[in-house]
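Understanding the architecture of this molecule
Here's the letter readout for the chains.
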Amino acid sequence: MSGSTWRAPSGSNTSPPLRIPALEGVLDTNAMRPGWVRTNMGGAGVPGSTEEAVHILLWLATLPSDGPNGGIFRDRSPIPW
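Residues numbered from 1 in each chain as written. Predicted model: local features only at pLDDT ≥ 70, side-chain atom pairs only at ≥ 80, totals over all residues. Heavy atoms only, no water.

1. Re the overall build of the protein
Using the following cut-off: Helix and strand definitions follow DSSP, with helices as H or I runs of at least four residues and strands as E runs of at least two, each counted in order from the N terminus. Note on exposure labels: buried denotes an accessible area under 20% of the residue type's maximum, exposed denotes more than 50%, and partly exposed covers the range between, all computed with a 1.4 Å probe on protein chains only. In this analysis, two residues are considered to be in contact whenever any of their non-hydrogen atoms come within 4.5 Å of each other. Only the protein chains shown count as covering a residue, and every accessible area follows the Shrake-Rupley method with a 1.4 Å probe.
Each helix and strand in the protein was counted, giving 1 helix and 5 strands. For the protein, the α and β elements follow one another from N to C terminus as β-β-β-α-β-β. Looking at the protein as a whole, 16% of its 81 residues qualify as buried. Taking contacts inside the protein between residues at least 6 apart in sequence as the whole, the part at least 24 apart equals 42%. Summed over its atoms, the accessible surface of the protein is roughly 6300 Å², and 57% of this surface lies on carbon and sulfur atoms.

Rendered as structure tokens:
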């Protein structure tokens, strides 16, 4: 991908290529969609918390090498994309 830049359309549910060449081997990648989360932008009355989103992020970051790959997750469950 030398000389190219990947850009997602604004507001889209897309992600960069899900298998990224690493220095040795391949880096497996998953994405998460935390849903509507209480933030300054989301407001105080929304159902999701930033703490819940961080728990999902940490779960994805610590999956074993033979765990799921190339998926999008919400509440630790795969969602279609």
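Back to the write-up after that little detour.
2. Some thoughts on the layout of surface pockets
To keep it simple, the criterion reads: In this analysis the probe radius is 1.4 Å and the grid spacing 1 Å, with only protein atoms considered; a cavity is a set of points the probe fits into but cannot get out of, a pocket is an open set with protein on both sides within 12 Å along at least five of seven lines, and lining residues have an atom within 4 Å of a point. Grid points are joined across faces, edges and corners, and a volume is the space filled by probe spheres set on the points. Throughout, the ten residues Ala, Val, Leu, Ile, Met, Phe, Trp, Tyr, Cys and Pro are labelled nonpolar, Asp, Glu, Lys and Arg are labelled charged, and all others, Gly among them, are labelled polar.
Space inside the largest pocket adds up to approximately 160 Å³. Tallied by class, residues from the lining of the largest pocket come to 6 nonpolar, 4 polar and 1 charged.

3. Quick notes on the sheet that holds strand E4 (residues 72-74)
Counted only if it meets this: The pairing criterion is simple: DSSP has to find at least two bridges between the two strands.
One open sheet accounts for 3 strands, arranged E3-E4-E5; its pairing is mixed. The open sheet terminates on both sides in strands that have one partner only, identified here as strand E3 (31-32) and strand E5 (77-79). In terms of strand pairing, E3 meets E4 through 2 bridges, oriented parallel. In the strand pairing of E4, Met 32 is matched with Phe 73.

4. Quick notes on the side chain of Ser 49
How we decide: Whenever a nitrogen or oxygen atom comes within 3.5 Å of another N or O atom, the pair is scored as a polar contact, on the condition that within protein one atom can donate a hydrogen and the other can accept it, and that pairs from neighbouring residues in sequence are kept only if both atoms are in side chains.
Relative to the helices and strands, Ser 49 resides in the loop between E3 and helix H1 (50-61). A polar contact of 3.0 Å, which involves the side chain of Ser 49, links it to the backbone nitrogen of Glu 52. When near neighbours in sequence (up to four residues on either side) are disregarded, Ser 49 contacts Val 37 and Arg 38.

5. Side note on H1
The cut-off we apply is this: Expected span of a helix: the number of residues minus one, times 1.5 Å. Think of the arc as the fan of directions from the helix axis to the C-beta atoms.
The end-to-end C-alpha separation of H1 is 16 Å, in line with the 16 Å expected for 12 residues at 1.5 Å each. Buried within H1 are the following residues: Ala 53, Ile 56 and Leu 60. Relative to the axis of H1, the buried residues are bounded by an arc of 60° and lie together on one face. In H1, the exposed residues that point more than 90 degrees away from the buried face are Glu 51 and Ala 61. Along its buried surface, H1 packs onto E3 and E4.

6. Description of unusual backbone geometry
Peptide bonds are mostly trans, and most non-glycine residues show a negative phi. Here the phi dihedral of Asp 75 falls at roughly 55°; this positive angle occurs in a residue that is not glycine. Here Asp 75 lies in the loop between E4 and E5. A positive phi angle, near 60°, is found at Arg 76, a position not held by glycine. Relative to the assigned elements, Arg 76 resides in the loop between E4 and E5.

Note that every value here comes from positions in space, so none of it alone points to a role or purpose.
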